[in-house]
Amino acid sequence: MNLNYLSAIYASYLEQNHKENALCGNIPEQVTELLLFPLNPIKEILNPYYGTNKIIAQTSFYWRQLEQGTEMRIESWNPKTETIFCCNMKSDQLEIKNIPLTEWMQGITETFDYVMLNPPFGYSNIEKKKERLENLFLSHALNCLKEGGFCTAFLPNGFLGRQSFDNIQLRKNISLNHHLQSIILLPKSILSTSEIFTSVLYFSKTAPAKKIPLYDFRNKKNINSFLKLYRSSEPNWQLEQQELEEHQYCFLPEEYIPSKSFDFEEIPSRKKSLHALWSELQKNQDSRLYEDHYGQTSIFNTAQCVSTRKGQLKKLIQTGYGLLECELLLYCGHIQPTKEMGKSLAHLKTGDLCPTDHKNGKYPCYGAGGIYGSTNTCNIPQSTGIVIGRVGNFCGNVYWTCQPGFLSNNAIWVEPDREKVIPDFLFLLLYSAHFQNKRRGGGQQYITQSMIQNQIFYLPTLSQQADFLAQHQTLLEQIHFYEQELGQLELTE
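The following refers to the structure shown. Predicted model, so just to flag it, every value in this text is computed and none were measured.

1. Things to note about the nonpolar core
Within the largest apolar cluster, 49 residues are counted, with the highest numbers of intra-cluster contacts made by Y321, I386, V414, F425, L426, L430 and I452. Of the residues forming this core, the biggest block, eleven residues, is contributed by helix α11 (residues 303-332). In contact with L430, not counting residues within four places along its chain, are I386, I388, V398, V414, F435, I452 and F457.

2. Things to note about unusual backbone geometry
The residue N222 is not glycine, and still its phi comes out positive at about 55 degrees. Among the secondary structure elements, N222 is positioned in the loop between β11 (211-216) and α8 (226-232). By relative accessible area, which is 78% here, N222 ends up exposed. Backbone geometry places Q248, a non-glycine residue, at a positive phi of 55 degrees. Along the polypeptide, Q248 turns up in the loop between α9 (241-246) and α10 (267-282).

3. Notes on the sheet that holds strand β21 (residues 406-407)
The three strands are arranged β18-β17-β21 in an open sheet whose pairing can be described as mixed. Two strands bound the open sheet, and with one partner strand each, they are β18 (370-375) and β21. In terms of strand pairing, strand β17 (residues 363-367) meets β21 through two bridges, oriented parallel. Note on β21: the bridge partner recorded for C365 is F406.

4. What about the packing of aromatic side chains?
What the rule picks out here adds up to 16 aromatic pairs. Summarising the aromatic geometry, the rings of F150 and Y202 are spaced 6.2 Å apart at their centres and angled 50 degrees between planes, so their arrangement reads as tilted. A residue pair is termed long-range when its members are at least 10 positions apart, and F150 in strand β8 (residues 145-156) and Y202 in strand β10 (residues 198-204) qualify at 52 residues. Taking the relative accessible area as the measure of exposure, F150 reaches 10% and is therefore buried. Ring centres 5.3 Å apart and planes at 55 degrees place the aromatic pair Y331 and F468 in the tilted group. Separated by 137 residues along the polypeptide, Y331 in helix α11 and F468 in helix α14 (residues 462-471) bring together distant segments of the chain. F468 shares its class with Y331; the two are buried.

5. Regarding helix α2 (residues 29-36)
Counting buried positions along α2 yields six of eight residues, so the element is predominantly enclosed. Among the residues of α2, those classed as buried are Q30, V31, T32, L34, L35 and L36.

6. Some words on the pattern of salt bridges
Tallied over the full model, the rule gives eight salt bridges. K420 is the salt-bridge partner of E340, the closest N and O atoms lying 3.7 Å from each other. You can see E340 sitting in strand β15 (residues 338-341) and its partner K420 sitting in the loop between β22 (411-416) and α12 (423-432), a full 80 residues away along the chain. Among the residues examined, K420 registers a relative accessible area of 32% and is labelled partly exposed. Each of R132, E134 and R162 takes part in salt bridges that share partners, so that together they form one network.

7. Structural notes on the sheet that holds strand β20 (residues 398-400)
Taken together, the four strands give an open sheet; going across it, the order is β16-β22-β19-β20, and neighbouring strands pair in antiparallel fashion. Single-partner strands in this sheet number two, and they are β16 (346-350) and β20. Going across the sheet, the axis of each strand differs from the next one's by a mean of 30 degrees, ignoring polarity. Sheet strands in contact with α12 are β16, β19 (386-389), β20 and β22, and its direction is about 155 degrees off that of β20.

8. Concerning the environment of S204
Within the secondary structure, S204 sits in strand β10. Residues S204 and L142 lie 62 residues apart in sequence; the distance between their C-alpha atoms is 9.7 Å. Beyond its immediate stretch of four places on either side in the chain, S204 contacts G149, F150, H178 and H179. Of note is the side chain of S204, whose polar atom sits 2.8 Å from the side chain of T206.

9. Section: the side chain of Q241
Checked against the element boundaries, Q241 lands in helix α9. Here Q241 is in contact with S175, L176, P208, A209, K210, I212 and Y249, once residues within four sequence places are set aside.

10. With respect to the pairing of β8
Counting buried positions over the twelve residues of β8 gives nine, a clear majority of the element. In terms of strand pairing, strand β5 (residues 112-117) meets β8 through five bridges, oriented parallel. When the sheet's bridge partners are listed, F112 is paired in β8 with L145.

11. Observations concerning the environment of L34
Relative to the elements of secondary structure, L34 occurs in helix α2. With 193 residues separating them along the chain, L34 and L227 place their C-alpha atoms 5.5 Å apart. Residues in contact with L34, not counting those within four places in the same chain, are I184, L186, V200, Y202, F226, L227 and Y230.

What counts and what doesn't
Residues numbered from 1 in each chain as written. Predicted model: local features only at pLDDT ≥ 70, side-chain atom pairs only at ≥ 80, totals over all residues. Heavy atoms only, no water. Core = buried A, V, L, I, M, F, W, Y, C linked by side-chain atoms within 4.5 Å. Buried < 20%, exposed > 50% of the residue type's maximum accessible area, 1.4 Å probe, protein only. Helix = DSSP H or I, 4+ residues; strand = E, 2+ residues; numbered from the N terminus. Contact = heavy atoms within 4.5 Å. Pairing = 2+ DSSP bridges. Phe/Tyr/Trp six-rings, centres within 6.5 Å; stacked < 30°, edge-to-face > 60°. Salt bridge = Lys/Arg side-chain N within 4 Å of Asp/Glu carboxyl O. Axes fitted to C-alpha atoms, helices over the stretch in contact; angles between N-to-C directions. Polar contact = N/O pair within 3.5 Å; in protein donor to acceptor, adjacent residues only side chain to side chain.

As structure tokens, then:
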């Protein structure tokens, strides 16, 4: 049997089922097409495949007719019982059994020539420990792969860049102990039931590749066949092993895009525009007045009025810090600041799991976007401090806390090294780094402590920092005034 013949059978099967959308469980035919493309004439297959048994079984049926002795195993995740449904198919017998997940993870008794991996995305509680299911299935697939065997894997893009120890070690294993042939990044639209970015990886258990081709199709629309696009495209990136090692084996291209050099000629023009906007926003501002949805002002802070006022304050704060960023860039352009990495300027700490009583407490709860409730638990006793959003739509957001409170695990606490940097100046440096433009992940976007620690900052001396802050003291005081009012309004909701 040859590859072309098997591909023709597979294409015919999809065409017959086109009226049923040709979905393999929850997986579109475009993804299955990519996963089956590298299939070779082999004797044994392991398929830890979730929700696609029908089409794989049909393919196996055709295959067994063509070549005797082919063995195939389908392993599917049962989320209700947290067991693995295992179906062993041979030309002369069929064996079906359910295996507890813990038992399934413990040992590998067989290895296989080919693995097609489409794992469930999300978490499983194994012995009261949260584990990512895609990581468990991928680890299992790596252990099952024979020397010289080939694996195609469909994974969430979060796996490609997460900075947890387990994720880094898995990516390192694939990169150093396997030949990573291709990384194919797919658009959100590939899954009709989910808004996450996904990818397909091709790798074999052979000598590692010196350069790893990466194909970025995330912005492609109305594509009839990503397989055809892949076969006719040149890679967008070639990731080298040394680069991967320096970046904790991140497989996302954003990690390797050099920072855009700033055009200093544009700063005065931007500063002028922001100054005009700042003046316009401040015009007729009175923190005691709240505007309702009819445009009328009142001293009574109804829910609609508070929401409107909060929007005004956020725009004022953002514009004020934008002005200070322009002033900072101009100031640093006229001195000779030293280069410092973020890890030498501050100590970072991720917050804790959100308490269940995050209402009607005496301490505010600080998340990625600011205050989102209150609790009776306190883990940051400091009256003011710097917080950076870590996960979600507000990851990379930098703000000040207004009083002691509880920091959630969606945010990072920044403790300045006061021997090197003044807290107000560090805040401006972090704000100007625009970490929100460096976020990773698909559906759940995030930044990491290592991104902040490895960021290069241009740092003036302490006396120069104090001089800059003194020059712009009035603007800073106005911004802090608006921040305090915003904090009070968020506490009242």
